[in-house]
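As a plain string of letters, each chain reads:
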Amino acid sequence: MQPTKDFIEYYIAGRNSYTAKKEAVFYQHKTTFHFEGYDVDADKPNPYFKFLIDRSRPGENEEIKAYRRSIYKSVTKSPCDKVVNSLKKIVKAPDFKIDYKESYVPAIVNEEETLEEYCEEYLPIYRSVINWFLQVGLNSNLTDPNGAIVVLPYNYEVKPNEYVKPLPYYISSENICHYKEGEHILYKSDKVYEYYNKGRKYTDNIFIYIDKEEIYEIKKIDFDGQYEVKLVYKLNFNKLPAFRPGGMHWKMIDNLPLYKSLIDGMLPYLDIAAREWSDLEAEVVQHMYSTMWYYASQDCTDCKGLGKISRAGKQVVCGTCDGSGKMKFSPYHSIKVNPQQFGENPIPTPPAGYIQKSTEIVKVQDERIKSHIKNALGAIHMDFLVNADQSGIAKAYDRDELNNWVYGCAYHFVWNIIKPVYELINDYRYYFIVPDTYTRDEMLPFVSVPSKFELITANIIGDQVKQARDAQMDSTIINELEWEYARKAFNNDKIVLGKMYAEKVHDPFSTLNAEAISNLYLTGEIPQIDFVLSTYITSFIERAIVENEDFLELGYSEQNAILVKYSTEKIAQKSTSNAIKTEIKTEDINVNKDTENV
């Protein structure tokens, strides 16, 4: 239904909005300040800087505040980037999959126009839904959980023999004018247009209104409150193609839920780190750089030592000496000192020097900022990301807590973002072919919620392997940790991983060292064939690959049969060799006896 004139005047011309918008936008500014950084030179610098930094020093004059803004660097962005990159690994989890095996495909749909082809290969701009999620959806949801996702046709004009090409967009809280769950949404888009008013050209943004039946574009056409409302697309599946993905439920305002981000626990520490970094830079300027003092004895040549000059009949501060009455000094020039006059204080010797400053406060502040950033990551169980690239550092973390938190994120992303996007794309493309909702839902892929995440680095697992070996833990635990380390360290080398995996599963004593294995064999506690297999496992695998290039692709039983065969051959060779050595020794003894007889 076309939006009424009163509706447009109230929410667009009147710049009114839904009740919860003020808090939603403030929260968006708060999170993006850390996750996207602050740029003082941007067209619209993030207003959260004024709230966080300017407000903390109410007594400072505007000049100092402006200086703080100009030198500010977003030190909290780096840990936020690490969190986002870690969460992107969710879609790389071994048990995450988008499976179309059981999906219904109508016979009338061309192979190149199936849902799988479109969503995984031909989605405009992003190629796939998952790629859109990684590039847009994930970060946008973390920083703006009260925003909305709308799915619109990439092109409104669709020929009769073509399929609609739907594309998801993330609409920020700041651009949403009005939203009613499941009913309609009005927002300012990033599409711009030009219009003329009294002979002058203006540029403005197009507003988009969507309900369960139609999509409208709204353009301002003059300064007298006139708007052009144009129907651009008619929906047929009786569903609002827009939804709020949300996050952690915060509160209800006018029957509309307000959400906090999944990373909300980080924000208090990030705020403190950002505020103290601004203080740190001020301290560095005051304490790290040398300040020179000098004895000012020469009167200013312009004001003759008065500090003021006459201009336009008024006395104004002298611009040459800034009102001091003395000549300014440059460290690159000589100091001129007038002789001491009778009754004056003695001239200091030397007449200039440097003020000694303490740098301890700078060190303390630097350590505090690092601690705040670590605490921010610790709030979401990711403090291991601090110095994660340094080897040899013991890193204690609660793996269960980390996995539980990431699983919660994965569940939210799959059920509240990825699945709804697939559903709306499916509705747009195949409603006319499959009008029945339940049958159309059978066309959707199965999207799994992963539970096995590879978030921690190889160095951390290496430390755990060492600790497990030192503690003489069960061999099964050590094996699993070593295999996890291998997957991390050689993730891109399938051949190396295949060899290491084959060694782990076929070596009967993979957790024991060579001395321990030899002792067990000499005492008769292990059979000879197992001893030989463990001793020569690496060379056996290399030989197997040379003789059969598909060896690493074989199943366990087939691989094991080949390796046991090699072990048997090696035992036979050793038996033959020992028999020959025995014969040689016997012949030597007989020769010696014959010599003695002679």
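The structure presented is a predicted model; accordingly, all values stated were derived computationally and were not measured. (Residues numbered from 1 in each chain as written. Predicted model: local features only at pLDDT ≥ 70, side-chain atom pairs only at ≥ 80, totals over all residues. Heavy atoms only, no water.)

1. Remarks on the overall build of the protein chain
Then, number 1: Across its full length, the protein chain holds 18 helices and 16 strands.
Then, number 2: Here the analysis covers contacts within the protein chain between residues at least 6 apart in sequence; of these, 65% occur between residues at least 24 apart.
Then, number 3: Counting every atom, the protein chain has about 34,600 Å² of accessible surface; 50% of that belongs to carbon and sulfur. (Helix = DSSP H or I, 4+ residues; strand = E, 2+ residues; numbered from the N terminus. Contact = heavy atoms within 4.5 Å. Areas by Shrake-Rupley, 256 points an atom, 1.4 Å probe, with all protein chains shown as cover.)

2. Here's the deal with the pattern of salt bridges
Then, number 1: For the structure on display, the rule yields 16 salt bridges.
Then, number 2: In this structure, the salt-bridge partner of Glu-547 is Arg-543, at a minimum N-O distance of 2.8 Å. Taken as a pair, Glu-547 and Arg-543 lie in helix α17 (residues 537-547) at a separation of four residues, close to a single helical turn.
Then, number 3: Through salt bridges that share partners, Lys-239, Asp-427 and Arg-440 make up one connected network. (Salt bridge = Lys/Arg side-chain N within 4 Å of Asp/Glu carboxyl O.)

3. Re the pairing of strand β5 (residues 184-197)
Then, number 1: In the sheet, strand β4 (residues 176-180) pairs with β5 via four bridges, with the strands oriented antiparallel. Residue pairing across strands places Tyr-179 opposite Ile-185, the latter belonging to β5.
Then, number 2: Hairpin connection, β4 to β5: the antiparallel pair is bridged by three residues, and Gly-182 has positive phi, about 75 degrees.
Then, number 3: Relative to strand β6 (residues 200-211), β5 runs antiparallel, the two sharing eleven bridges. Along β6, the bridge assignment pairs Tyr-196 with Lys-201. (Pairing = 2+ DSSP bridges.)

4. A few points about the side chain of Thr-76
Then, number 1: Positionally, Thr-76 belongs in the loop between α4 (62-71) and α5 (77-87).
Then, number 2: The class of Thr-76 is buried, set by a relative accessible area of 0%.
Then, number 3: Only 2.9 Å separates the side chain of Thr-76 from the side chain of His-34, close enough to count as a polar contact.
Then, number 4: With near-sequence residues (within four places) excluded, Thr-76 lies in contact with His-34, Leu-270, Ala-273 and Ala-274. (Buried < 20%, exposed > 50% of the residue type's maximum accessible area, 1.4 Å probe, protein only. Polar contact = N/O pair within 3.5 Å; in protein donor to acceptor, adjacent residues only side chain to side chain.)

5. Considering the side chain of Glu-214
Then, number 1: Note that Glu-214 resides in strand β7 (residues 214-220).
Then, number 2: A polar atom in the side chain of Glu-214 sits 2.6 Å from the side chain of Tyr-216.

6. Quick word on the sheet that holds β7
Then, number 1: Taken in spatial order, the five strands of this open sheet run β4-β5-β6-β7-β8, and their pairing is antiparallel. Edge positions in the sheet fall to β4 and β8 (227-234), since each has one partner strand and no second. The sheet shows a mean angle of 25 degrees between the axes of neighbouring strands, direction not considered. (Axes fitted to C-alpha atoms, helices over the stretch in contact; angles between N-to-C directions.)

7. Quick word on the sheet that holds strand β3 (residues 166-171)
Sheet strands pair by backbone hydrogen bonding; their relative direction is either parallel or antiparallel.
Then, number 1: Strand order in the open sheet made by the three strands is β3-β2-β9, with antiparallel pairing throughout. Looking along the sheet, the strands with just one partner apiece sit at the ends: β3 and β9 (242-243).
Then, number 2: Alignment of strand β2 (residues 148-153) against β3, held across six bridges, turns out to be antiparallel. The residue bridging Val-150 from the neighbouring strand is Tyr-169, located in β3.
Then, number 3: In the packing of helix α7 (residues 129-143) onto the sheet, the strands contacted are β2 and β3, and the crossing angle to β3 comes to about 25 degrees.

8. Quick look at helix α2 (residues 21-35)
Then, number 1: A rise of 1.5 Å per residue sets the reference length of α2, with its 15 residues, at 21 Å; its end C-alpha atoms lie 21 Å apart and thus fit the reference within 8%.
Then, number 2: Where burial is concerned, most of α2 is hidden: twelve out of the 15 residues are buried.
Then, number 3: Every buried residue of α2 is accounted for by Lys-21, Ala-24, Val-25, Tyr-27, Gln-28, His-29, Lys-30, Thr-31, Thr-32, Phe-33, His-34 and Phe-35.
Then, number 4: A positive phi of about 85 degrees marks Gly-37, the residue just after α2. (Expected span 1.5 Å × (residues − 1).)

9. Notes on a negative patch on the surface
Then, number 1: A grouping of Glu-423, Asp-436, Asp-441 and Glu-442 is seen on the molecular surface, where their side chains present a negatively charged patch.
Then, number 2: On the accessibility criterion, Asp-436 (38% relative accessible area) is partly exposed. (Patch = residues over 30% accessible without salt bridge, like charges linked within 9 Å, V, L, I, M, F, W, Y side chains within 5 Å. Lys, Arg positive; Asp, Glu negative; His and termini not counted. Charge placed at Lys NZ, Arg CZ, Asp CG, Glu CD.)

10. A look at helix α14 (residues 494-506)
Then, number 1: In this model, α14 (13 residues) spans 18 Å end to end at C-alpha, consistent with the 18 Å of a helix rising 1.5 Å per residue.
Then, number 2: Where α14 is concerned, the buried positions are Leu-497, Gly-498, Ala-502 and His-506. The buried residues of α14 occupy one face: seen down the axis, they fall within an arc of 140 degrees. (Arc of directions from axis to C-beta.)

11. Quick word on the pairing of β6
Then, number 1: Hairpin connection of β5 to β6: two residues between the antiparallel strands, including Lys-198 at a positive phi of 55 degrees.
Then, number 2: As paired elements, β6 and β7 share four bridges and run antiparallel to each other. Within β7, the residue paired with Ile-208 across the bridge is Glu-217.
Then, number 3: Between β6 and the antiparallel strand that follows it, β7, lie two residues.

12. Brief notes about the packing of aromatic side chains
Then, number 1: All chains considered together, the criterion is met by 29 aromatic pairs.
Then, number 2: For the pair Phe-49 and Tyr-72, a centre-to-centre distance of 5.4 Å together with 80 degrees between the ring planes defines the contact as edge-to-face. Of this pair, Phe-49 sits in helix α3 (residues 48-52) while Tyr-72 is found in the loop between α4 and α5, placing the two residues 23 residues apart along the sequence. The residues Phe-49 and Tyr-72 share a single accessibility class, namely buried.
Then, number 3: With centroids separated by 6.5 Å and ring planes inclined at 45 degrees, the aromatic side chains of Tyr-209 and Tyr-216 adopt a geometry described as tilted. (Phe/Tyr/Trp six-rings, centres within 6.5 Å; stacked < 30°, edge-to-face > 60°.)

13. Some points on the environment of Tyr-122
Then, number 1: Looking at the element boundaries, Tyr-122 is found in the loop between α6 (115-120) and α7.
Then, number 2: By relative accessible area, Tyr-122 is classed as exposed at 52%.
Then, number 3: Expressed as a C-alpha distance, the spacing of Tyr-122 and Lys-165, which sit 43 residues apart in the sequence, is 9.2 Å.
Then, number 4: Contact partners of Tyr-122, with chain neighbours within four places excluded, come to Glu-117 and Arg-127.

14. Structural notes on a nonpolar patch on the surface
Then, number 1: A surface patch of nonpolar side chains, amounting to about 330 Å² of accessible area, comprises Tyr-407, Tyr-411 and Trp-415.
Then, number 2: Summarising the element assignment, Trp-415 is placed in helix α10 (residues 399-430).

15. A closer look at the nonpolar core
Across soluble globular proteins, you tend to see nonpolar side chains buried next to one another.
Then, number 1: With 91 residues, the main nonpolar core has Leu-87, Ile-210, Ile-215, Met-266 and Met-382 as its most contacted residues.
Then, number 2: Here this core takes 15 residues from α10, the largest share from any one element.
Then, number 3: In this structure, Ile-210 is in contact with Val-150, Leu-152, Glu-183, His-184, Ile-185, Tyr-187, Ile-215, Leu-235, Leu-240 and Pro-241, ignoring residues within four places of it in sequence.
Then, number 4: In this structure, Phe-509, Phe-531, Tyr-566 and Ile-571 belong to the second largest nonpolar core, which totals 15 residues. (Core = buried A, V, L, I, M, F, W, Y, C linked by side-chain atoms within 4.5 Å.)

16. Some words on the environment of Phe-384
Then, number 1: Mapped onto the secondary structure, Phe-384 falls in the loop between α9 (360-378) and α10.
Then, number 2: On the accessibility criterion, Phe-384 (3% relative accessible area) is buried.
Then, number 3: Separated by 72 residues in the primary sequence, Phe-384 and Ile-456 have C-alpha atoms spaced 7.7 Å apart.

Nothing here speaks to function; it is geometry throughout.
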